[in-house]
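Structure assessment
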Amino acid sequence: MSLILENVSKSVDGQSWITDVNMTLEPGSFNVLLGRTLAGKTTIMRLMAGLERPTSGRILMNGVDVTGVPVRQRNLSMVYQQFINYPNLTVYENIASPLRLAKMPKKVIDERVHATADMLRITPLLKRFPTELSGGQQQRTAMARALVKDAELILFDEPLVNLDYKLREELRAELRELFRQRNCIGVYATTEPNEALALGGHTAVLHEGRLLQHGRTPEVYHRPRTIETAEMFSEPPMNIVKAKVTDTEVTFDETVHFQLNADLRMLEPGQYNFGVRPSHIGLVPHADDDLELPVTVDLAEISGSETFLHVRNEYMNLVLHLSGVHEYDVDQKITVYFPTHKLYAFDLAGQIIHAPHRLTGV
Amino acid sequence: MAQITLKALAHSYERNPQSNGDYAIRRMDHVWEQGGAYALLGPSGCGKSTLLNIISGLLEPSDGEILFDGVKVNSLPPEERNIAQVFQFPVIYDTMTVFDNLAFPLRNMKVPEHKIQSKVHEVADILELTPLLKRKAKNLTADEKQKVSMGRGLVRDDVSAILFDEPLTVIDPQLKWKLRRKLKQIHEQFNLTMIYVTHDQLEAATFADKIAVMYEGQVVQFGSPHELFENPSHTFVGYFIGSPGMNFFEVTTSDSGFRYHDIEFPASRKLLQQIDDIGTDNIKLGIRPEFVHVWDNKNSEAFEVDVIDIEDLGTYHIMSFQFKDTVMKARLHEDQKIPTSKAWISFPEQWVKVYVNEFLVEVEGD
Amino acid sequence: MIKTENNKAWFLVLPVFALVAFSAIIPLMTVVNYSVQDVFDAHTRYFVGTEWFTKMLNDPALQSALLKQFGFSFTILLIEVPLGIGIALLMPKRGWSASLCLVLVSLPLLIPLNVVGTIWQIFTRGDIGLMGWTLREMGVSYNISRNAVDAWATIILMDVWHWTPLIALLCYSGLRAIPEAYYQAARIDRASRWAVFRHIQLPKLTNVLIIGVLLRFMDSFMIYAEPFVLTGGGPGSSTTFLSQWLTTMAVGQFDLGPAAAFSLIYFLIILAVSWVFYTAIMNSQKEK
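Residues numbered from 1 in each chain as written. Chains lettered and ligands numbered in written order. Predicted model: local features only at pLDDT ≥ 70, side-chain atom pairs only at ≥ 80, totals over all residues.

Focus on the overall build of chain B
Put simply, the rule reads: Each helix corresponds to a stretch of at least 4 residues labelled H or I by DSSP, and each strand to a stretch of at least 2 residues labelled E; elements are numbered beginning at the N terminus. In this scheme every C-beta is placed from the backbone, and a residue whose C-beta has 20 or more other C-beta atoms within 10 Å is buried, one with 12 or fewer is exposed, and one in between is partly exposed.
Counting its secondary structure elements, chain B contains nine helices and 22 strands. Across the 366 residues of chain B, 41% fall into the buried class.

Listed below in C-alpha cells is the structure:
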C-alpha cells in the first residue's frame with residue numbers, strides 16, 4: 001500500500017504544529033522522520049495513524065481518502081518510546097493479543113507468535129512476564145506485538161531511545177533486516193542523524209512543523225537542498241563558515257583566503273555560507289591546497305573509536321569528526337587542515353548553490 | 001589529598017557466597033592516584049554502582065580493605081570521608097538560594113561567615129553561577145542544578161575526591177559537551193581525585209585520563225581511552241568500546257601459529273608456548289573494523305570474502321562480510337571503493353590481537 | 001497531546017452534571033430558599049430578606065460557639081500536624097515492621113465516628129473505663145460530664161487519637177517519595193538531623209501537608225458525632241460545637257429559616273478559611 005499526505009496542516013489553539021506537509025510513502029518503504037524535539041515527528045505519526053485529524057489537507061491510503069477514518073478501522077500498529085506491554089500477560093499473550101482481538105484461529109495465532117518471536121529472538125522468554133525482562137527484551141516484545149499482525153503501516157516513535165547504545169546498535173540492524181523482507185510501510189521517528197543513516201531507506205527531515213526534504217537517505221544527506229537540512233541531518237552538526245567570493249578568491253572572515261578552485265568556479269561573486277562536514281577537516285592535510293588553520297582545543301570528546309574535536313580561533317568555532325582516539329587537553333594549541341574542495345555553498349537565503357562531488361556512493 | 005586504594009576488595013550481597021557469581025564485585029586490587037581523572041565504565045549490572053557505594057561509604061565491603069591515603073576506612077560513613085558526590089539526578093536544597101546551597105556544607109562545619117562569603121564567590125565564579133547566586137535553586141535548569149551540586153563539593157577545603165554518578169543523564173544533548181568541558185577544566189584547576197561512573201563510553205573517554213572498564217564484577221582493563229581502543233585487554237572491552245565493536249573469531253593453535261579453517265596465522269614460538277601453558281582451547285583472534293584492510297582489487301595477500309551488507313553512514317561505510325563461519329565488519333573511509341559481492345581483505349599483523357580465555361595475551365618482555 | 005476533535009464529548013459529561021445538580025446544587029438552593037423566608041407550615045411562609053442572617057450573626061450564643069469552634073480546630077491542628085510528622089519520621093522505612101506499623105497506625109481511621117465517641121465514652125467512665133478509673137484511682141479528679149475543662153481535653157485527645165494517623169500516613173507517603181540520593185547528599189554535606197528535616201524533608205512534605213491540614217480543618221470544623229456521643233455537648237453548652245447547635249435548631253426546634261441562614265454562614269466560613277489558607281500557602285511556595 002502507499003500513504004500520501006496532501007497539504008496536511010495541523011494547528012492546536014491557534015498554534016501551528018504542522019505546516020503544509022506533502023509526503024508520499026512508497027509501498028514497502030522504510031521512512032525515517034528526523035527532527036529535533038518538537039519538530040512535529042510525533043504529530044505527523046498521530047496524523048498518519050488517525051489519532052488526530054488534520055486541520056486542513058487530506059491523507060490517502062492506496063489512493064483512498066482516509067482523513068476522517070478513526071484509528072480502529074485502519075490496519076496499523078505502533079511502537080512507543082516507553083516499553084508498553086500488558087503487565088499481567090505473558091510475553092506470549094502480549095504478542096498474541098492483537099491476533100486474539102482479530103479472532104484468529106488458535107493454530108494460526110500459535111504459528112504467528114512463534115514465527116515473530118523467533119525473528120526478534122525472544123522465543124525462550126515467551127512464558128515470562130514483562131516485569132521479569134530487561135529493557136531491551138521488553139522493547140523486543142512490544143515490537144513483536146506490532147509486527148505480528150501484518151499491519152500495512154507500522155509506526156515507531158523513538159523506540160530505542162531508552163536503551164543503551166550496544167543494544168541500540170543490535171536492534172537497529174535487526175529492524176533494517178526485518179523491513180527488507182516485509183511489504184508494509186515503516187515510519188520511524190528519531191532525533192539522531194546517525195540513527196537515520198544507520199537505518200537507511202528514506203529520510204524526511206522535519207523542522208518546526210515543516211517538511212524540509214524527503215528522499216532516499218543518502219541522497220538527502222549528501223544533497224541537502226537548504227542549509228537547515230544540512231544542519232539538521234549531521235551529527236556533529238555541519239560547520240558553517242561565512243565567506244566572501246570574488247572573481248579570483250574565497251575569503252573567510254577577512255583573514256583566511258584561497259584561490260577559487262575548479263569546484264567553486266561557478267559561484268558568482270558575493271556573500272555565501274560555506275558548509276564543511278566535521279569529518280572533512282583533518283589533523284593532517286588530505287590535499288595540497290588544504291588550508292592550515294592554527295586553533296585552540298575546546299574539548300576532545302572521545303566515543304571509544306571516534307573523536308569529536310571542538311576547536312576555535314578568533315573567527316570561528318569548528319568541530320572535527322576523527323576516526324580513532326585522539327587525546328587533547330583543553331586549550332591546547334594545534335593546527336587543523338581545512339579542505340577547499342569538499343565545501344557546500346549556500347546563498348544567504350539558505351538555498352544550496354553547490355554540493356561537492358563524491359567519488360563513491362551517491 | 002586522597003589516594004584511594006582497594007586491597008583484595010570484594011563484595012557480595014549474599015551471606016555465604018559460594019561461587020564467583022555470588023559476588024557483585026570480585027576480588028580486586030586497584031589504586032586511584034591522588035589528582036587523577038578516572039572513569040568507571042560498564043554496562044548495567046556490572047558492579048560499578050556497588051563499587052561507587054563502597055568508595056563513598058554508603059556500603060561496607062564484605063571482604064578486603066578500602067584505604068584513603070593508606071588509612072583503612074571500610075566502616076567510615078560518607079560524612080567522615082573527605083569526599084563529595086554528584087548524583088544522576090540533581091540534588092539541591094529547593095528552599096534555599098544558590099548561595100545558601102553552596103554555603104550549606106560550610107555552615108554545617110561552622111566555618112566563619114566571611115570565609116564562606118569568599119569561598120562561595122570563588123567557586124561560583126569558576127562554575128559561572130555568580131549571576132544566579134540570589135536565585136532560588138528550585139527554579140534553575142538541570143545543568144545549572146548539576147553545577148550547584150558540584151559546587152557544594154568544591155567549596156569544601158577538606159574534600160579531596162569527587163565522585164560522579166552518571167551526572168549528565170538529565171542534561172540537554174546540546175549542553176552536554178559544555179558541561180563536559182567544564183568538568184575537565186575543574187579537574188585541571190583543583191587538585192582533586194575525580195571518579196566518574198557511567199555506562200556511556202563517550203562520557204568516560206571524554207572525561208577521564210584513565211578508564212576502568214568493569215564487567216561481571218571485575219575491572220577487566222584499566223587504561224587510557226587510547227589503550228582501550230588499540231589494545232583491549234579483554235574481549236568485552238573490544239566489544240563494548242567502539243561502534244561497531246571489535247571482530248572476533250575462534251581459532252586453534254598449530255605448530256607455527258593459529259589455524260582458522262584452512263587459513264594459517266603465523267605466531268612466535270614464545271607466544272604459542274605461553275598459550276600452551278595456560279592449557280585451554282578458548283582462543284580467539286580479534287581485530288577492530290577500523291583496522292581491517294579492504295583492498296580495491298584482487299590481491300595475492302588478501303582473503304576473498306562475500307559481502308553481506310554495506311551500511312552508508314554518510315562520511316564512511318560499514319561493510320559486513322562473511323569470513324568463513326564468522327560475520328565481521330570493516331570500516332571503509334569515504335573515498336574508498338565500495339566492493340560489491342566479493343571483497344579482498346587482509347589483517348595487518350600489528351592489529352590482530354590474541355585472546356585466551358577472553359583475556360589478551362601478548363609476548364612477555366616484548 | 002490528545003485534543004478534542006469536536007464537541008460531542010461534552011454530552012458525555014451530562015450525566016455527571018445532572019448528578020452534581022441533584023446532589024449538591026439543588027439542595028443548596030433549597031437551603032438558600034429557606035434562609036430568606038419565615039416558614040410556619042407547608043402553605044404559610046413570608047419573605048424576610050436578610051433578617052435571619054442579621055439575627056444569626058448577632059446572636060451571642062452563636063458567636064461564642066463559633067469562637068469555640070475555631071479554638072477547637074486550631075488546637076487540634078497544632079497538635080496533630082507536628083505529632084503526625086513526628087510519627088511518620090519514626091516509622092520504619094521497609095520490611096515487615098513497616099507494614100505492621102502502617103496497619104497499627106491506620107486502625108483508628110477505620111472506626112466509624114459514632115463508635116469512636118462510644119469507645120471514649122466508656123473509656124473515660126470512672127467506674128468501668130480504663131482511663132477514667134485509672135485517673136480516679138490516682139486521685140485525679142476527672143469528670144467529663146461536670147467539668148468543662150475535662151470534657152474539652154477529652155474531646156481534643158479523642159480527635160488527636162482518631163485523626164493524627166491521617167496526617168502521619170500522608171507524611172509517610174510523602175517521605176517515601178524522597179529519593180535516597182537526597183539523604184546521601186545531605187550526609188556528605190554533613191548536615192545535622194535537624195537540617196535534613198528542615199531543608200529536605202519539610203519542603204518535600206509541603207504539598208501533602210497542605211492537603212492534610214485542609215482536610216483536618218474542614219473536618220474538625222464540622223465535627224458532630226464524636227462529641228455528641230461522648231458529652232452530648234455538655235457540661236452546659238461547653239462542648240456544643242456548631243454542627244450540633246445547628247441540628248438542635250433545625251431538627252429539634254424546627255427553626256428552618258434561621259437554621260438555613262446559619263448553615264450558609266457556616267458553609268461560607270469554611271470555604272473562606274480554606275481558600276485563604278490554600279492561597280497563602282500556594283503563594284509562599286511560588287515566591288522566588
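Quick look at the nonpolar core
Rules: In plain words, the nonpolar core is the set of buried Ala, Val, Leu, Ile, Met, Phe, Trp, Tyr and Cys residues that C-beta atoms within 7 Å link up. Any pair of residues counts as being in contact when their C-beta atoms, constructed from backbone geometry, are within 7 Å of one another.
Ile195, Tyr196 and Val213 of chain B are the most contacted members of the largest nonpolar core, which totals 171 residues. When residues no more than four places from it in sequence are discounted, the contact partners of tyrosine 196 of chain B are Tyr38, Ala39, Phe164, Glu203, Ala204, Phe207 and Ala208 of chain B. In terms of nonpolar packing, the next biggest core, distinct from the first, is built from 19 residues, Tyr34, Trp52, Met56 and Leu246 of chain C among them.

A word on unusual backbone geometry
For the peptide bond that leads from glutamate 235 of chain A to proline 236 of chain A, omega is 0°, which places it in the cis range. Here the amide bond leading from serine 243 of chain B into proline 244 of chain B is cis, since omega sits at -5°, within 30 degrees of zero. The topology assignment puts proline 244 of chain B in the loop between helix H8 (235-240) and strand E11 (247-250). Backbone geometry places lysine 103 of chain A, a non-glycine residue, at a positive phi of 55°. Residue position: lysine 103 of chain A is located in the loop between helix H2 (91-101) and helix H3 (106-119). Take lysine 103 of chain A: there are 7 C-beta atoms within 10 Å of it, and that puts it in the exposed class. Residue alanine 8 of chain B is not a glycine yet carries a positive backbone phi of 45°. Along the chain, alanine 8 of chain B turns up in strand E1 (residues 4-12).

A look at the packing of helix H2 (residues 98-108) of chain B against helix H4 (residues 142-154) of chain B
All names here are of chain B. The criterion, for reference: Here, axes are lines fitted to C-alpha atoms. For helices the fit covers the stretch in contact, and angles between N-to-C directions go from 0 to 180 degrees. Should the near helix be turned anticlockwise from the far one by less than a right angle, the crossing is termed left-handed; should it be turned clockwise, right-handed. Ten residue types, Ala, Val, Leu, Ile, Met, Phe, Trp, Tyr, Cys and Pro, are classed as nonpolar, four, Asp, Glu, Lys and Arg, as charged, and the remainder, Gly among them, as polar.
Orientation of H2 relative to H4, taken along the N-to-C sense of each, is 35°, at an axis distance of 7 Å. Along this stretch, H2 crosses H4, giving a crossing that reads as right-handed. Touching Val98, Asn101, Leu102, Phe104 and Pro105 of H2 are Val148, Gly151 and Arg152, all from H4. In terms of residue class, the contact of H2 with H4 is made up of five nonpolar, two polar and one charged.

Focus: the interface of chain B and chain C
Put simply, an interface is often sized by how much accessible area is lost when its parts join up. With 23 residues of chain B at the contact, the number on the chain C side is 16 residues. Those elements that place two or more of their residues in the side of chain B that touches chain C are strand E6 (83-86), H2 and H4 of chain B. Class assignment for the residues of the side of chain B that touches chain C results in 13 nonpolar, five polar and five charged.

Considering the sheet that holds strand E6 (residues 76-79) of chain A
Residue and element names in this part refer to chain A. Selection criterion: Two strands pair under a simple rule: DSSP has to find at least two bridges between them.
The strand order across the open sheet built from six strands is E6-E7-E8-E3-E9-E10, with neighbouring strands paired in mixed fashion. Edge positions in the sheet fall to E6 and strand E10 (210-216), since each has one partner strand and no second. On average, adjacent strands in this sheet sit at an angle of 15° to one another, irrespective of strand direction. Summarising the sheet, strand E9 (residues 202-207) and E10 pair through six bridges and their orientation is antiparallel. Of the residues in E10, the one forming a bridge with alanine 204 is histidine 214. Packing against the sheet, helix H1 (residues 41-49) makes contact with strand E3 (30-34), E6, strand E7 (153-157), strand E8 (185-190) and E9, and its axis sits at approximately 155° to E7.

Digging into the interface of chain B and chain A
The partner chain A presents 28 residues to the 31 residues of chain B that form the contact. Counting only elements with at least two residues in the side of chain B that touches chain A, the list comes to helix H5 (173-189), helix H6 (201-207), helix H7 (225-230) and strand E17 (303-312) of chain B. Among the elements that make up the side of chain B that touches chain A, the one with the highest residue count is H5 of chain B (six residues). Partitioned by chemical class, the residues of the side of chain B that touches chain A number 11 nonpolar, 11 polar and nine charged.

Some points on the sheet that holds strand E16 (residues 306-312) of chain A
Here four strands make up an open sheet; going across it, the order is E17-E16-E15-E18 (chain A) and the pairing antiparallel. A single partner strand is all that each edge strand has here, and the edge strands are strand E17 (317-323) and strand E18 (333-338) of chain A. Neighbour-to-neighbour, the strand axes of the sheet open up by a mean angle of 50°, direction not taken into account. Pairing of strand E15 (residues 291-302) of chain A with E18 of chain A, which is carried by six bridges, proceeds in the antiparallel orientation. Bridging from a neighbouring strand, valine 295 of chain A pairs with isoleucine 334 of chain A of E18 of chain A. The strands touched by H5 of chain B are E15 and E16 of chain A; relative to E15 of chain A, the strand with the most contacts, the crossing angle is about 85°.

Quick notes on the domain arrangement of chain B
All names here are of chain B. As a reminder of what qualifies: Where each domain begins and ends follows an automated or database-derived domain assignment.
Along its sequence, chain B is carved into domain 1 (4-239) and domain 2 (245-360). The gap between the C-alpha centroids of domain 1 and domain 2 is 38 Å. Contacts between the two partners involve six residues from domain 1, matched on the other side by nine residues from domain 2. Within the side of domain 1 that touches domain 2, the residues separate by chemical class into two nonpolar, four polar and no charged.

Quick notes on the pairing of E17 of chain B
Residues and elements named next belong to chain B. Inspection of the sheet shows E17 paired to strand E20 (residues 342-346) by four bridges, in the antiparallel sense. The partner of aspartate 306 across the bridge, within E20, is lysine 342. The pairing of E17 with strand E18 (residues 316-323) spans six bridges and is antiparallel. Within E18, the position partnered with isoleucine 310 by the bridge is methionine 319. Turn length for the E17-E18 hairpin, with the two strands adjacent in sequence and antiparallel, is three residues, and the turn residue glycine 314 shows positive phi of about 90°.

Focus on the packing of H2 of chain A against H3 of chain A
Residue and element names in this part refer to chain A. Our working definition: For classification purposes, angles smaller than 35 degrees are called roughly parallel, those larger than 145 roughly antiparallel, those between 65 and 115 roughly perpendicular, and all remaining angles oblique.
One can describe the packing of H2 onto H3 by two numbers: an axis separation of 10 Å at closest approach and a directional angle of 130°. For the element pair H2 / H3, the angle class is oblique. Considering the relative orientation of H2 and H3, their crossing is right-handed. Each of Tyr92, Ile95, Ala96, Leu99 and Arg100 in H2 lies in contact with H3, whose residues at this interface are Ile109, Arg112, Val113, Thr116 and Ala117. Per-class residue counts for the contact of H2 with H3 are seven nonpolar, one polar and two charged.

Regarding the pairing of strand E21 (residues 353-356) of chain B
Residue and element names in this part refer to chain B. Sheet topology note: the strand E15 (residues 283-287)/E21 ladder contains four bridges and is antiparallel. Paired with lysine 284 across the strands is tyrosine 355, a residue of E21. The pairing of E21 with strand E22 (residues 359-360) spans two bridges and is classified as antiparallel. Its bridge partner lying in E22, tyrosine 355 is registered against leucine 360. Counted along the chain from E21 to the antiparallel partner E22, the turn is two residues long, and its residue asparagine 357 has a positive phi close to 50°.

Points about the environment of serine 12 of chain B
Inspection of the secondary structure puts serine 12 of chain B in strand E1. Apart from the residues within four sequence positions on either side, serine 12 of chain B is in contact with Pro17, Asp22, Tyr23, Ala24 and Ser62 of chain B.

What about helix H9 (residues 193-221) of chain C?
Residues and elements named next belong to chain C. Note the following rule: An expected span of 1.5 Å times one less than the residue number is assigned to each helix. Here the bend at a residue is taken as the angle between two axes, fitted respectively to the seven residues that end there and the seven that start there.
With 29 residues, H9 extends only 35 Å from end C-alpha to end C-alpha; this falls clearly short of the ideal 42 Å at 1.5 Å per step. At threonine 206, H9 is deflected by roughly 50°, the largest bend along its length. Looking only at H9, the buried set comprises His199, Ile200, Leu205, Gly212, Val213, Arg216, Ser220 and Phe221.

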